[in-house]
Amino acid sequence: MMNEDLKHYNPKGSIKQQAQVRLLEIMCEVDKICKKHSITYWLDFGTLLGAVRHGGFIPWDDDLDIAVFRKDYARLRKVLMEELPEDYKFQDWKNDKYAFDNYGRVRDLNSKFNYTRFRKQKYQGLFVDIFTVESMPSVKLKKRVDFLYGRVFRQLNNYGTVMYNSALKNNIVSVIAALLYPFVGGFVGLLRLYAKLFPGKKLGLSYSIYFYSERRMDEILPCRPILFEGKEFMAPSQPEACLTRIYGDYMRLPAEKYRIGHGVEIEVNPKKKV
């Protein structure tokens, strides 16, 4: 299966290949800032899969994914906002009222990722996702909690203004979300307190982030370098174990109909001259 020629997905000079070059440039800056400030991060999801299976980008991919521990997110956010080059901006729900996901992104200012869910966001360029990971009693329990907490968090961060056609429906859901938030937010706080008092090896992406594959502390730490497009970035200590938890048989290529990335139109403009 891996003998299949995949070059037609991102041929040299294509928009997809230009986008991947730009993404790699962003990732180099993020890596540099993380290392400067001794912030632990690692490649995750499709980016880690690409590193192991393809030595770089999955040929049809159009973003990059990294993860950090939740306890490090505020510090990383601060230094990225202060030190990113002028061609990039850090974005999350705290500095963009329409960025309703509970994680951050580093955005390129000289491109556009034409995704319906981003249409009201301040920055809409190519991006590196920064997911947060934390200790939790059970990823299965997190999934049940997110049924309410995730919906409430996103609605309070203007999810409905993008996804609902009816202003009335959006207003009604927003009122319900505001009423529920103290209860579901308090329950999440209790779960985090429990995890702090009784830490274990089980990790998951933070509450309200809609991914439910388990991580394990001893499979992530200590992070180690891995080659990605000829450059060294940080990866879990046991990348194969992590990928198996996320994807199962991760070396098997998906059917052709699933090889589409986000399936959106991308524009890549020349970078500003400094």
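Shown above is the structure to which this text applies.
Notes on the structure follow. (Residues numbered from 1 in each chain as written. Predicted model: local features only at pLDDT ≥ 70, side-chain atom pairs only at ≥ 80, totals over all residues. Heavy atoms only, no water.)

1. Quick look at empty space enclosed by the protein
In total, this model carries two cavities of 30 Å³ or more according to the counting rule given. In this model, the largest cavity occupies a volume close to 40 Å³. Forming the boundary of the largest cavity are Trp42, Asp44, Leu48, Glu214, Arg215, Pro236, Cys242, Arg245 and Ile246. A total of three residues in the lining of the largest cavity trace back to one element, the largest contributor, which is helix H8 (residues 239-247). Among the residues making up the lining of the largest cavity, the classes are represented as five nonpolar, no polar and four charged. Roughly 30 Å³ of internal volume is contained in the second largest cavity. Looking at the second largest cavity, the residues that line it are Gln91, Asp92, Ala99, Phe100, Asp101, Tyr103, Arg105 and Gln121. Looking at the lining of the second largest cavity residue by residue, the classes come out as three nonpolar, two polar and three charged. (1 Å grid on protein atoms, 1.4 Å probe; cavity = no way out; pocket = protein on both sides within 12 Å on 5 of 7 lines; lining within 4 Å. Points joined across faces, edges and corners; volume = space filled by probe spheres on them. Helix = DSSP H or I, 4+ residues; strand = E, 2+ residues; numbered from the N terminus. Nonpolar A, V, L, I, M, F, W, Y, C, P; charged D, E, K, R; others polar.)

2. A few points about the pairing of strand E6 (residues 127-135)
Where a strand is regular, its side chains alternate between the two sheet faces. With respect to burial, E6 is a largely interior element, eight of its nine residues being buried. Direction of pairing for strand E2 (residues 64-69) relative to E6: parallel, over a ladder of six bridges. Directly across from Ile66, in E6, lies its bridge partner Ile130. Bridge analysis of strand E4 (residues 104-108) against E6 gives four bridges, and the strand direction is antiparallel. Directly across from Gly104, in E6, lies its bridge partner Ile130. Here three bridges tie E6 to strand E7 (residues 202-205), and the two strands are oriented antiparallel to one another. Each residue of the ladder has a partner; that of Glu134, found in E7, is Gly204. (Buried < 20%, exposed > 50% of the residue type's maximum accessible area, 1.4 Å probe, protein only. Pairing = 2+ DSSP bridges.)

3. A word on the environment of Met81
Note on placement: Met81 falls in helix H3 (residues 70-83). Looking at Met81, the relative accessible area reads 44%, which means it is partly exposed. Excluding residues that lie within four positions of it along the chain, Met81 makes contacts with Phe90 and Asn95. (Contact = heavy atoms within 4.5 Å.)

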